[in-house]
Amino acid sequence: MNRTTLSLIAGATALAAVTGFASLNAPAASGDNTAKAATQQPVERTSLLCPQPSTSEIAKTSYTSYTPVTQGTADSGKAELQAAAVESADSTSGKKAGKKTVKPALKPAEPGKPATGDGSGAEPPALVGTAEGKFAPGWTVQETTAVAAGTGRGLLGTNCTAPDTEFWFPGVSTATGRTDYVHLTNPDDSAAVVDVEMYGKDGALKSTVGEGITVQPHASEPILLSTLASGQQTDLTVHVTVRSGRVGAAVQALDDKIGGDWLAASTDPAGSLVMPGIPKDATAVRLVAFAPGDQDADLKVRLASPSGLITPAGNETLHVKAGMTAAVDLGDVTRGEAGSLVLTSTGTSAPVVAAVQVVRGKGSKQEMAFIPATSQVGARATVADNSSKGTTLALSAPGQSAQVKVTASAGSEGGTAATKTYTIKGGTTQDVDAPVPAGLKGTYALTVEPVSGGPVYASRTLASAQEGVPGFTIQTLPDDRGTVAVPEADQDLSVLLKK
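If you're wondering where the values come from, they're calculated on a predicted model, not measured in any experiment.

Novice: How should I be thinking about the sheet that holds strand β25 (residues 325-331) in this particular structure?
Specialist: Adjacent strands of a sheet form backbone hydrogen bonds with each other and so pair up, either parallel or antiparallel. Read from one edge to the other, the open sheet built from four strands follows the order β25-β21-β27-β28, with strand pairing classed as antiparallel. Each edge of the sheet is formed by a strand with only one pairing partner; in this case those strands are β25 and β28 (367-372). Across the sheet, the axes of successive neighbouring strands diverge by a mean angle of 20°, strand direction being ignored. Sheet topology note: the strand β21 (residues 282-290)/strand β27 (residues 353-360) ladder contains eight bridges and is antiparallel. Among the inter-strand pairings, R286 is bridged to a residue of β27, identified as Q357.

Novice: What is the right way to look at the sheet that holds strand β31 (residues 402-408) in this model?
Specialist: Strand order in this open sheet of four strands is β29-β36-β31-β33, and the pairing throughout is antiparallel. Edge positions in the sheet fall to β29 (381-386) and β33 (418-424), since each of these pairs with one other strand and no more. On average, each strand axis in the sheet is inclined to that of its neighbour by 25°, with strand direction left out of account. Sheet analysis places β29 next to strand β36 (residues 444-453), joined by four bridges and oriented antiparallel. If you follow A381 over to β36, its bridge partner there is V448.

Novice: Just to check I follow, could you spell out the packing of aromatic side chains for this structure?
Specialist: The relative placement of two aromatic rings is captured by the distance of their centres and the angle of their planes. Inspection of every chain in the model, using the stated rule, returns three aromatic pairs. Ring geometry for F167 and F169: centres 6.3 Å apart, planes at 15°, overall stacked. Residue class for F167 comes out buried when judged on its relative accessible area of 7%. By relative accessible area, F169 is classed as buried at 0%. Taking the centre distance of 5.5 Å and the plane angle of 35° together, the rings of W168 and F290 count as tilted. Remark: F290 occurs in strand β21 and W168 occurs in strand β11 (residues 166-172); sequence separation between them is 122 residues. With relative accessibility at 8%, the residue W168 sits in the buried group. Overall, the relative accessible area of 1% leaves F290 in the buried class. Just above the ring of F472 sits the side chain of R360; from NZ or CZ to the centre is 5.0 Å.

Novice: Any chance you could explain the environment of D298 here in plain terms?
Specialist: As for its placement among the helices and strands, D298 is situated in strand β22 (residues 297-305). Residue class for D298 comes out partly exposed when judged on its relative accessible area of 30%. With 27 residues separating them along the chain, D298 and G271 place their C-alpha atoms 9.4 Å apart. When sequence neighbours within four positions are dropped, the list of residues in contact with D298 reads L318, H319, T344, S345, T346 and T348. Within the structure, D298 has its side chain in polar contact with the side chain of H319 (distance 2.6 Å).

Novice: What is the right way to look at unusual backbone geometry in this model?
Specialist: Phi is mostly negative for residues that are not glycine, and the peptide bonds are mostly trans. Backbone geometry places D385, a non-glycine residue, at a positive phi of 70°. As for its placement among the helices and strands, D385 is situated in strand β29. You will see that R481, though not glycine, has its phi angle at about 60°, which is positive.

Novice: How should the pattern of salt bridges be read in this particular structure?
Specialist: Overall, the coordinates contain 12 salt bridges when judged by the stated rule. Ionic pairing is found between D188 and R246, a salt bridge with its closest N-O pair at 3.0 Å. With D188 in the loop between β12 (178-185) and β13 (192-200) and R246 in the loop between β17 (236-244) and β18 (248-255), this pair connects stretches of sequence that are 58 residues apart. Given a relative accessible area of 21%, D188 falls into the partly exposed group.

Novice: What is the right way to read the confidence of the model for the protein from this model?
Specialist: Fine structural detail should not be taken from predicted coordinates in areas where pLDDT scores are low. Per-residue confidence for the protein averages 87 on the pLDDT scale, and 86% of its residues sit at or above 70. In the predicted structure, residues 1-35 sits below a pLDDT of 50 and forms 47 contacts with residues beyond four places in sequence or in another chain. Below a pLDDT of 50 lies the segment residues 491-499, which in the model reaches eight contacts outside its immediate sequence neighbourhood of four places, other chains included.

Novice: Got a minute to help me understand the side chain of S54 in this structure?
Specialist: Turning to its location among the elements, S54 is positioned in the loop between β2 (45-50) and β3 (60-66). Not counting the four nearest positions on each side in its chain, S54 is found in contact with A59, E123, P124, T145, V147 and Q252.

Here is what the cut-offs are and how they apply
- Residues numbered from 1 in each chain as written.
- Predicted model: local features only at pLDDT ≥ 70, side-chain atom pairs only at ≥ 80, totals over all residues.
- Heavy atoms only, no water.
- Pairing = 2+ DSSP bridges.
- Helix = DSSP H or I, 4+ residues; strand = E, 2+ residues; numbered from the N terminus.
- Axes fitted to C-alpha atoms, helices over the stretch in contact; angles between N-to-C directions.
- Phe/Tyr/Trp six-rings, centres within 6.5 Å; stacked < 30°, edge-to-face > 60°.
- Buried < 20%, exposed > 50% of the residue type's maximum accessible area, 1.4 Å probe, protein only.
- Lys NZ or Arg CZ within 6 Å of the ring centre and 35° of its normal.
- Contact = heavy atoms within 4.5 Å.
- Polar contact = N/O pair within 3.5 Å; in protein donor to acceptor, adjacent residues only side chain to side chain.
- Salt bridge = Lys/Arg side-chain N within 4 Å of Asp/Glu carboxyl O.
- pLDDT = per-residue confidence, 0-100.

In structure tokens, the structure reads:
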């Protein structure tokens, strides 16, 4: 019994440090011989999955990898990004032809310095990335694609995601003019089996095609959502669940008129949600929400502006029926000021997932992006592929005021790191003048670390105008999973050993 107890403690510690995907909480101390409170330790291994960026022949894609410096990490390690489809079939014999030799998209640099790579070319593949040792804590990879013309033209960007077993995507569409794909990428050595469900304004869409989808090992599968159910609907929520294995998932939304972008998964269903960093010049904002439980949700809708929380006139609340998707047009709700959409339950704690579709520009010169509901920054958030022009960092403190430290890394081709500290007043959102590395050459990463006060939510906007079209993409900044909570054993184990 003594050895079993000690083995469980050691095993839990090792598992948490290696995976980085779960937090173990020790029980509260109630005596001299109980476990101490959990401590934060750097993760030892991280996986990231990047979807296939585009099939357009004129698309130009870049990747940026960055690992922030984290205290207590190992002295060694490695990180790499490889093409997802590592095996091919011989069409004449039906036998596997063996592994393809594919040059990595980029070679990650030492912690503290970004590394860039080019993913342009004919049908670039999805990527599977792994980082170990000193490269693992907080590792982030940004995929940014510029498409000059055609369906989905504009600037598309996404943070490569960690594998998981469940994802929610409110904001997809199968309406005329929209072409939406859900990309599923399997990082493991065995096949993953996935179910894809869609929910509209009247509930679940009937379909058997989305059940039991097999994603082969180290492979990626883009699925056209309009093929999973008949009919066309403007506002849908996609639910991805994994029966066996795990996958990375992201939705690519392409529109004939207003461009395209990636829709990242919403944070887990909750009674209160934040969608940070709506651009101040947004010309249209559309909120989409879904209630996955068996209870309706009544939500208070507010905008955290630079001056405080504002209730949009005519859109004070949103009623979401259980199992159904609801949507509302908020127009130019920001009215020339930065803002974050804040949803809170009223009279019911029914959890919801949500996202906003944001449009900039007018007429034929419009471009769209998405902001899913996200979790707070936590201990630290990291985002790569920033430049001296075209980068906007939005910080929101929807509750209490907060002090936040923002660090700009060295540049990918040169430059010295810089740091600034900001105070964000409670109930507000600020587009801050983010620090830029001195002598910057290339791109740089930003890390956001709350210092004191209430919860902080953040997002980063990249903007690049092309032929009059205000191309942009927005990435939220949840915790970068650089550390994991590990239970600390009692210093004096003599009592356990005597039992």
